[in-house]
Amino acid sequence: MDKEFVPHIKFSSLSDIYPELSLPSQITRYKKLIDSFEKLYNRKPKFIARSPGRVNLIGEHIDYAGFGVLPMAINRDVLIAVDIIHEGEENDMKVRVANVLNENYPPRNWKYEGKEKIVEIEVKEGISEWGNYPKSGYKGIVQHSSLDKPKGMYLLVDGNVPPGAGLSSSAAFICSVCIATCSSNDVKLTKKEIVEIAIEAERSIGMNAGGMDQTASMFSLKDHVLYIQFLPSLCATPTKLPSTNPPIAFVIANSLITSDKIVTAPTNYNLRVVETKLAAYHLGQCLFNKPCENLKKVSDLYSNSIEVTIENLIKLLDYIEKVYENNHDGFTLDELSSLLNLNQDEIKDKFLSRFPVKAEKFQLYKRSKHVFEESSRVLKFYELCSKSEARGSIFEELGNLLNESHKSCKELFECSCDELDDLVKICLDGGAVGSRLTGAGWGGCTVSLIRENEIDKFINFVSEKYYNVRFSHLSHNDLENFIFATRPGGGAAIIENLFN
């Protein structure tokens, strides 16, 4: 992780941040935001803070097992136009925040309430209050920096990361507020420090933030993917996408299927986390006569190194084939008790008490196989991107990794759904070299690898075969939020002196 301070992520040109294909629309958008700010507040913004959403290209459901993932920043982001209230002005420590979509997000404001409280954030279960996002980012920075007199700010928000699509709109929003608050108060923090503050800020308003989203938003570089490792500590390594002709592009398509995480977590997300931990516990006993807390720890002890290699992952895959050769269909709680040498109450206390979980059988073979194979695919994707010269087969090699990932998510991790599978097939039929679900699954988005010169043709095909069939009521403007092209964009930035 670098030691770059927020004051050093300042730009005056959008071409330093956005890929060329999106520059014209971004210039129009920034100008409109500045005009709206002046009309609303009767003053000019001093700067614009922006943080992008992200898409996880490959590495699904392996972060909580301790392995690295490979996201990239997308062209969709959260912008905040900012002006600072200077000491002596009326209400000089008051923060005013408005949204260009004011019919959905009414204006909010607050005053600094002293070092102990800073600002009150009221979180109500089942109710999403948009004003809590800027409050939490502001409070995190003020609290961490022990500011006695934080500057008041005028803020106007413009976000185009589709909410609820698994593209990290909330993390982008909070990161933007964090860097805006830093810049307004001349606070010097590293990107890593801001990531840590943003994670805690999101958790403080009831979101379970793991770190990938905030890290991708802060550390991403234009035209680079980001290899993020979580253990032994958070580390982000950018690598440039291979140079090809035509260039590589990605298209994100929203299945428009949503999975209620609270309702389905006991049989879906929570259960998968538990199953990977059960597998780690068991494999640790088998290999080292002691349980392991996650599958990354199994890998570390097996190779006697914290470095993850494809060679060692292959050996572990061979090993689990032997360990589970007589059981690919899962273990009942009674069978787990014998397998782990724990009574059922001990299993419930160690693995099933923190979050609600429901299962007839626990799938140790399938889940551990997916985690080790997916971790290997992440490394292969990263290595292909890291090569100085792209081979002629680079599209197919990267695309095959995405296809293998989706197959594993569907068959081994069982986190896909019929609509996602249908959408992936349509994307492949429409010219994608590779396509997979991205995010937790059971709904949400796909990400497809395509050639840049085929973007329009591809989007038209998918729109006709998927959206027009399943969601014929959608307008053209609606579709622009549900299927769009992107290349890796830049990370969080402060933009000053724009259009001067």
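Residues numbered from 1 in each chain as written. Predicted model: local features only at pLDDT ≥ 70, side-chain atom pairs only at ≥ 80, totals over all residues. Heavy atoms only, no water.

As annotated in an unreviewed UniProt entry, the protein chain carries the name Galactokinase and comes from Funneliformis mosseae. Quoted verbatim from the Sequence similarities (unreviewed entry) field of UniProt, the annotation for the protein chain is "Belongs to the GHMP kinase family. GalK subfamily." (UniProt positions renumbered as here; feature names shortened; annotations may be inferred.)

Asks: Any chance you could explain the side chain of D77 here in plain terms?
Replies: Along the chain, D77 falls in strand 3 (residues 70-85). By relative accessible area, D77 is classed as buried at 0%. Side-chain polar atoms of D77 contact the side chain of R50, separated by 2.8 Å. Filtering out sequence-adjacent residues up to four positions away, D77 remains in contact with Y18, R29, Y30, R50, S51, P52, G53, D158, G159, N160 and V161. (Helix = DSSP H or I, 4+ residues; strand = E, 2+ residues; numbered from the N terminus. Buried < 20%, exposed > 50% of the residue type's maximum accessible area, 1.4 Å probe, protein only. Polar contact = N/O pair within 3.5 Å; in protein donor to acceptor, adjacent residues only side chain to side chain. Contact = heavy atoms within 4.5 Å.)

Asks: Is there a simple way to think about the packing of helix 7 (residues 269-288) against helix 10 (residues 333-340) in this case?
Replies: The description of two packed helices rests on the angle between their axes and on the distance between the axes. Running from N to C, helix 7 and helix 10 cross one another at 30 degrees; their axes reach a closest spacing of 10 Å. Taken together, the axes of helix 7 and helix 10 are roughly parallel relative to one another. Between helix 7 and helix 10, the contacting residues are L278, Y281, H282 and Q285 on the first element and L336, L339 and L340 on the second. Here the residues of the contact of helix 7 with helix 10 sort into 5 nonpolar, 2 polar and no charged. (Axes fitted to C-alpha atoms, helices over the stretch in contact; angles between N-to-C directions. Parallel < 35°, antiparallel > 145°, perpendicular 65-115°, else oblique. Nonpolar A, V, L, I, M, F, W, Y, C, P; charged D, E, K, R; others polar.)

Asks: Can you walk me through the pattern of salt bridges in this structure?
Replies: Opposite charge on two side chains makes pairing possible when the charged atoms of those side chains draw close. For the structure shown, the criterion picks out 26 salt bridges. Across the salt bridge formed by D77 and R29, the nearest N and O atoms sit 2.7 Å from each other. Taken as a pair, D77 in strand 3 and R29 in helix 1 (residues 23-41) lie far apart in primary sequence, 48 residues in all. R108 is paired through a salt bridge with E129; the nearest N and O atoms lie 2.8 Å apart. Of this pair, R108 sits in strand 5 (residues 108-111) while E129 sits in the loop between strand 5 and helix 2 (132-145); the two residues are 21 residues apart in sequence, bridging distant segments of the chain. Look at E129 and you get partly exposed, because its relative accessible area is 25%. (Salt bridge = Lys/Arg side-chain N within 4 Å of Asp/Glu carboxyl O.)

Asks: I'm lost on the sheet that holds strand 10 (residues 434-438) in this one. Help?
Replies: Sheets are built from strands paired through backbone hydrogen bonds, the pairs being either parallel or antiparallel. One open sheet accounts for 4 strands, arranged 10-11-9-12; its pairing is antiparallel. Edge positions in the open sheet fall to strand 10 and strand 12 (483-486), since each of these has one partner strand only. Pairwise comparison of adjacent strand axes, ignoring direction, gives a mean angle of 25 degrees for this sheet. Bridge count between strand 9 (residues 248-254) and strand 12: 4 bridges; the pairing is antiparallel. Directly across from F250, in strand 12, lies its bridge partner T486. Each of strand 9, strand 10 and strand 11 (445-451) is contacted by helix 14 (residues 418-429), which is oriented at about 155 degrees to strand 10, the strand it contacts most. Relative to the sheet, helix 15 (residues 455-470) contacts strand 9, strand 11 and strand 12, its axis offset from that of strand 12 by approximately 155 degrees. (Pairing = 2+ DSSP bridges.)

Asks: Would you mind going over the sheet that holds strand 13 (residues 493-495) with me for this structure?
Replies: Reading across the sheet, the 7 strands line up as 1-13-2-3-6-4-5 and stay open at both edges, with mixed pairing between neighbours. Single-partner strands in this sheet number two, and they are strand 1 (10-11) and strand 5. Sheet topology places strand 4 (residues 94-99) next to strand 5; 4 bridges connect them, and they run antiparallel. Residue V95 lies in a different strand from strand 5, and its bridge partner there is W110.

Asks: Even after reading the chapter, I still don't get unusual backbone geometry, so can you show me in this structure?
Replies: A negative phi angle is the norm for most residues apart from glycine, just as the trans form is the norm for most peptide bonds. Residue P232 is reached from L231 by a cis peptide bond, and omega for that bond is 5 degrees. Within the secondary structure, P232 sits in the loop between strand 7 (224-229) and strand 8 (235-240). Of note, the amide linkage connecting N245 to P246 takes the cis form, showing an omega dihedral of 5 degrees. Even without being a glycine, S168 presents a positive backbone phi close to 70 degrees. The class of S168 is buried, set by a relative accessible area of 10%.

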